[in-house]
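Here's the letter readout for the chains.
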Amino acid sequence: MAAVRRILFRGMARAALGVALAAASLVAVTVTASPPAAAGINGLAQKPYMGWSSWSLESTNYPGLGNENWLTEQHIMQQTDVLAAKLKSHGYDYINVDAGWTDGTGDENGRPVALASRFPHGMKYVGDYVHSKGLKFGLYLAVGLDPKVYNDGNTPIYGAPQCHTKDVVYSDLRKTNGWDGAYKMDFGNPCSQLYLNSIADELASWGADFLKVDGVGPGSFKGGDNYDNTADVAAWGQALKQTGRPIELTLSWALAHPQAGVWKQYSNGWRIDTDVECYCNTLVTWNNSIKQRWNDVVQWIPDAGPGHWNNLDSLDVGNAEMDGITDAERQSYMTLWAISAAPLYSGDDLTKLDSYGLSLLTNDEVIAVDQAGNPAKPVNQNSNQQVWYAKDADGSYTVALFNLGTDPARVTANWNDLGIVGPGNVRDLWQHNNLGSANGSFSATLPAHGSRLLRIAPQAHINGPSMPVNVHGTSASSSTVSLAWDASAVHGGKVAWYDIYTGSKKAASVRGTAGTVSGLKPSTSYQFTVVARDSANRASASSKKITVTTPKTGGPTGYEAEAAGNTLGPGSDIANCGGCSGGKKAGNLGGSGFLRYNNVTVDKAGTYLMNVAYVDGDSSRLAIVTVNNTPFTCRCPARTTTTGTTRRTPWCRCSCRPGSTPSRSATRIPATTSRTSTRSPCNTWVPAGPTGGDHQ
C-alpha cells in the first residue's frame, strides 16, 4: 500500500480538500513520455502483434481446463489449426506457449528443456508445426537463473568452457523475480551474457519468433536492488539479437514506468499491469482486473510506438460463458485494447469461439484502429463516463465512448475537447454504419460497462493550426497561474507560438506547450484560453475555457499528512520516512484506511489547483478526494526515479471547487484500486509510487 507524504493545496489557504468536482478541463489527463530511448534493439514490432497465448486456459478453473496440465503438444496444435483457419486472414499470426512447457530443470548446460510428458516431440517439433501453417511461434521464460540448474555452481555454460553457473550469480545467491523464484544474475561477469546467449541460440534453433520474459522488476510487485532486472532485459535483448533470428521480446508483468526508457530500448513491449485472468471459474471478470486498465494504461500512452508497445495482456472475448463477462463488456474490453494500440492476442479456447466472439475478433475496422499504432488518450477521467480520442494521420479522429458505471448512462464527446471545428461525419466502427453528420458533439446512451467506437471526419478543411486541447492548470501562486496543453498540428507546417488569454486579453505568448501568466491578483478567479499560431500568423480556434482561482496572498499553503489535527481511518498509520518532509508519512491507505484533513478552509469560492505529494509510484494510481461530501478523482502518475538513496517524489495534480461561500471541510483519500492474482500478491494501493519505495 502507499503513503501520502504531504499535501499542498495549490491556490488554497487554510485549505479545503474535496470540495466539488472541478471543471473537466482542469482535471484533464496529462501524460508525459519517458526520456528518449534508442529506437529499439532489433527493428521488429513495427505494429502491435496479434495472435493467441496459452496462459488464460492454464490459469482458469473453468470445467475441463485449468492448471498447467492443460498445456500439451496436442492442445497447442489444435489452437494453431483454428487460428490458421479462422483468424490468420485478419492478421493474427502468433502462437505463444506460456509458462509450463518446462519445469526449469534444464539440460547439462542449464538450458531449458521441454517436459516430455507434455511435449513428447520437443519444442522444435511444435515450432515447425506452427510454421507449417504460416504462423509464428512464441515461448516463455522467467527472469533470473532457476535454482534447479545451479548444481552447486558447477553446471557448465554451453560454448563457454571457462564459465559455470557459479559465475553468473552473486555469491550470496540472492533471489529475484516476481515470485522470488530465481537467483539474481550478475551481469558484471561476462559469463552471464554468454549463458543467456546459449539459451537464446537454443530457442532460435527451435524456430522461436517471440519470447516473453516474466517476473521482471522493477515491477511484478517487486522493488529494490534484488529486483532490478534492467540489466537482465538489456542482456536478453542482446542475446536474442546475436542469434541472427528475428525474435520479439516482451516483458511481464506490471513493469515500473520510471524505467520505460530501458524497456523501450531493449524490448518490443511490456505488460503495464497485473494478469488479466481472474484465477476463478471463468477466464476473467470485469471487476477483478479488466476495468483497472482504463486507469493504469494512461501514464504509458506516450511510450507506445513502432518497435515497442503497451501490452494490456490477453484478450479474452471469444466465448461468453468461458470468458465470464457480458457482451457489452466484451466489446468494451476489445475497444480499449484497440484504441491503445495494444497487442491483440486471444486467450480463449479457439475451438469454442461463439459467433459474437468471432465477430469481435475479426472486425477489420476495429483491428485497423489497433494496427494504426496511434494510441488514444482520455479527455478526462472525472467519472465513469469517459471519452477517449486520437487524431489520425488523415485528419479524422478515432473516438471511443465508455460507460464504466454499473447503470446505463449517456456519454457525450464534445468537439472542443477533441479539437474538432465544425460538423463531422460519424461512423460506428463496430456496426460498420455511417451515422451521418454531427456538429459540436455526439452523444450515446450506453449500457453498464458499454462502449461505442467511432471515426469522426471533420467536414471542413482547416487552414492553419488545429485547436489546442487538454488545456489545464499545473500550478498557481497568489500572482501567477501556470498552464499546459497538447501540441496543435498544422497541415504541411508547424506551430510557431501559442497565445494565452485571460478573458479577451492576451496575457502571454510562448513557443512551447506550457506557459505562466503573471501579474494576477490573489484570491481571484480567471478564465484562460489558448490560441495556436503558425509562421503565417494564422490562428487556430480558441481552446476550451478553463477557470483557475489564485490563492490568497502568501499561498499556496502546505499541509502535512501526519499533522496531529488530521484523522486516520482504521488500519492507516503514521510512520517514519527518511525522504519525506517532516520525516513522516501517512501510510496503509486503502480498504478502510483513509486520511482526512480537518477544518480546512478557503476565503473565497472558486476553482483551486491542488498538488498531493506521495511515495511509492511504480505505476499510476487514482485517489478519490472528497470535499464537502463531493468526490472527485485525482490521478497519481509514476514519475519517481530512484538513484541510490535520493528519491524525487511525484505529485498528483488535481483541482477542486468549494461551494459558493467560504468553506470549512474535511478530506478523505480512500483506496480506489485492488489487484488480485494467484501468481502475485493481493494488494490494495492508494496513490502508489516507485517500486522499491515506501510500501505500506
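Structure shown above.
Let me begin by describing the structure that accompanies this report. (Residues numbered from 1 in each chain as written. Predicted model: local features only at pLDDT ≥ 70, side-chain atom pairs only at ≥ 80, totals over all residues. Heavy atoms only, no water.)

Section: unusual backbone geometry
Thought 1: In this structure, Pro-218 follows Gly-217 across a cis peptide bond, with omega equal to 0°.
Thought 2: Among the structural elements, Pro-218 can be located in the loop between strand 9 (210–214) and helix 5 (230–242).
Thought 3: Here Gly-555 and Pro-556 are connected by a cis peptide whose omega angle stands at 5°.
Thought 4: The phi dihedral of Asp-152 falls on the positive side, at around 55°, and the residue is not glycine.
Thought 5: Summarising the element assignment, Asp-152 is placed in the loop between strand 4 (136–142) and strand 5 (156–157).
Thought 6: You will see that His-449, though not glycine, has its phi angle at about 60°, which is positive.
Thought 7: Relative to the helices and strands, His-449 resides in the loop between strand 20 (441–446) and strand 21 (451–458).
Thought 8: Judged by its relative accessible area of 10%, His-449 falls in the buried class. (Helix = DSSP H or I, 4+ residues; strand = E, 2+ residues; numbered from the N terminus. Buried < 20%, exposed > 50% of the residue type's maximum accessible area, 1.4 Å probe, protein only.)

Brief notes about the sheet that holds strand 18 (residues 423–428)
Thought 1: Reading across from one edge, 14-15-16-21-18-19 is the order of the 6 strands in this open sheet, with antiparallel pairing throughout. The open sheet is flanked by strand 14 (377–378) and strand 19 (433–439), the only strands paired with a single partner.
Thought 2: Here strand 15 (residues 385–391) pairs with strand 16 (residues 397–403) via 7 bridges, running antiparallel. Residue pairing for strand 16: Lys-391 is matched across the bridge by Tyr-397.
Thought 3: Docked against the sheet, helix 10 (residues 327–339) engages strand 15, strand 16 and strand 21, running at close to 145° with respect to strand 16. (Pairing = 2+ DSSP bridges. Contact = heavy atoms within 4.5 Å. Axes fitted to C-alpha atoms, helices over the stretch in contact; angles between N-to-C directions.)

Here we look at the nonpolar core
Thought 1: In terms of nonpolar packing, the biggest core is built from 105 residues, with Trp-101, Trp-236, Met-334 and Trp-388 touching the most fellow members.
Thought 2: Top contributing element to this core by residue count: helix 4 (residues 190–205), with 7 residues.
Thought 3: Counting 20 residues, the second largest nonpolar core, distinct from the first, contains Val-471, Val-481, Tyr-498 and Ile-546. (Core = buried A, V, L, I, M, F, W, Y, C linked by side-chain atoms within 4.5 Å.)

Here we look at helix 12 (residues 364–371)
Thought 1: By the burial criterion, the buried members of helix 12 are Val-366, Ile-367, Val-369, Asp-370 and Gln-371.
Thought 2: Looking at the buried positions of helix 12, the neighbouring elements they touch are strand 2 (50–53), helix 10, strand 13 (344–346), helix 11 (355–361), strand 16 and strand 21.
Thought 3: Sitting at the amino-terminal end of helix 12 is Asn-363, which places a side-chain oxygen 3.1 Å from the backbone nitrogen of Glu-365.
Thought 4: Looking one or two residues beyond helix 12, the residue adopting positive phi is Gly-373, at roughly 65°. (Polar contact = N/O pair within 3.5 Å; in protein donor to acceptor, adjacent residues only side chain to side chain.)

A short note on the sheet that holds strand 10 (residues 248–251)
Thought 1: Spatially, 12-11-10-9-4-3-2-13 is the arrangement adopted by the 8 strands of the open sheet, whose pairing is parallel. Among the strands making up the open sheet, the edge pair consists of strand 12 (309–311) and strand 13. Going across the sheet, the axis of each strand differs from the next one's by a mean of 25°, ignoring polarity.
Thought 2: Sheet topology note: the strand 2/strand 3 (residues 94–96) ladder contains 3 bridges and is parallel. Of the residues in strand 3, the one forming a bridge with Ser-53 is Asn-96.

Side note on the environment of Ile-367
Thought 1: Following the sequence through the fold, Ile-367 ends up in helix 12.
Thought 2: Exposure remark for Ile-367: the relative accessible area of 5% places this residue in the buried category.
Thought 3: In contact with Ile-367, other than residues within four places in its own chain, are Met-50, His-90, Tyr-92, Met-334, Leu-344, Leu-361 and Thr-362.

Interpretation note: all reported values are geometric properties and have no functional meaning in isolation.
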